[in-house]
Amino acid sequence: AAGVIQSPRHLIKEKRETATLKCYPIPRHDTVYWYQQGPGQDPQFLISFYEKMQSDKGSIPDRFSAQQFSDYHSELNMSSLELGDSALYFCASKYRGTDTQYFGPGTRLTVL
Amino acid sequence: AQSVSQHNHHVILSEAASLELGCNYSYGGTVNLFWYVQYPGQHLQLLLKYFSGDPLVKGIKGFEAEFIKSKFSFNLRKPSVQWSDTAEYFCAVQTGANNLFFGTGTRLTVIP
């Protein structure tokens, strides 16, 4: 069965650079969630989208923005990267009316 | 605010030993409960979930969990662990807004 796809899988950036992470949900899933998992920490909710509209916002820094496109894929844009942004970024998707979120493999971002 | 507590940060067991990982949450309303597993270097995978009905739920790979509403608990169990169960285990609670709140995780190491 198709799963959530995230790209790239690994990304290395330097401080103050920008990064864009992409998430392609499971087909027919219309809701996307972004989570950040720092080293040795639990995943923290960043932001979510439903039907291309932001549905909820968590601990997402102002330097980050995200959007969901007409094909339901989502992009997380990160600017002025800091060392502390080094983390695993997970995307999860679900279909409206259901509750289970399915996670992608994550993008490991390293900021040097 | 919602919170999820996982009491054990690191559990070390020998193969064939029984496992119980604790999870407590603080939220007075209706919740959905999940256990996710993260194998080394991999993404989060759903082990099992509870929405309603029988409070004893069975998941993949021989895992089960019991929802005890009066104790706000959702402990994960497995009668006999295997070396391949070595992983990080996350309990998660979902409230009406559909966002997941994760516990800090329990690292399970199974010694052959």
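Residues numbered from 1 in each chain as written. Chains lettered and ligands numbered in written order. Predicted model: local features only at pLDDT ≥ 70, side-chain atom pairs only at ≥ 80, totals over all residues. Heavy atoms only, no water.

Undergrad: Would you mind going over the overall build of chain A with me for this structure?
TA: Regarding its fold elements, chain A presents zero helices and 11 strands. Starting at the N terminus and walking to the C terminus, you meet the elements of chain A as β-β-β-β-β-β-β-β-β-β-β. Over its C-alpha atoms chain A spans a radius of gyration of 13 Å, differing by no more than 12% from the 13 Å that the globule rule assigns to 112 residues. Projected onto the principal axes, the alpha-carbon positions of chain A cover approximately 40 × 25 × 25 Å. The buried share of chain A, reckoned over its 112 residues, is 48%. When contacts within chain A are restricted to residue pairs at least 6 apart in sequence, those whose partners lie at least 24 apart make up 52%. Of the charged side chains in chain A, 12 are positive and 12 negative, and the gap between their average positions amounts to 3 Å. (Helix = DSSP H or I, 4+ residues; strand = E, 2+ residues; numbered from the N terminus. Rg over C-alpha atoms; globule rule 2.2 N^0.38 Å. Buried < 20%, exposed > 50% of the residue type's maximum accessible area, 1.4 Å probe, protein only. Contact = heavy atoms within 4.5 Å. Lys, Arg positive; Asp, Glu negative; His and termini not counted. Charge placed at Lys NZ, Arg CZ, Asp CG, Glu CD.)

Undergrad: Sorry, what's going on with the sheet that holds strand β1 (residues 5-7) of chain A here?
TA: What holds strands together in a sheet is hydrogen bonding between their backbones, with the strands either parallel or antiparallel. All names here are of chain A. Taken together, the four strands give an open sheet; going across it, the order is β1-β3-β8-β7, and neighbouring strands pair in antiparallel fashion. Every interior strand has two partners, whereas the edge strands, β1 and β7 (64-68), have only one. Along the sheet, successive strands turn relative to each other by an average axial angle of 15 degrees, direction set aside. (Pairing = 2+ DSSP bridges. Axes fitted to C-alpha atoms, helices over the stretch in contact; angles between N-to-C directions.)

Undergrad: Is there a simple way to think about the pattern of salt bridges in this case?
TA: Once their charged atoms are close, side chains differing in charge can pair, the charge on each being opposite to the other. Residues and elements named next belong to chain A. Applying the stated criterion across every chain, the model contains 11 salt bridges over all chains. Of the charged contacts in the structure, one is a salt bridge between Lys22 and Glu75, with a shortest N-O distance of 3.9 Å. With Lys22 in strand β3 (residues 19-24) and Glu75 in strand β8 (residues 74-78), this pair connects stretches of sequence that are 53 residues apart. By relative accessible area, Lys22 is classed as partly exposed at 30%. Here Glu51 ties to Lys52 by a salt bridge, and the two come within 3.9 Å at their closest N and O atoms. Residue Lys52 is classed as partly exposed on the basis of its relative accessible area of 36%. (Salt bridge = Lys/Arg side-chain N within 4 Å of Asp/Glu carboxyl O.)

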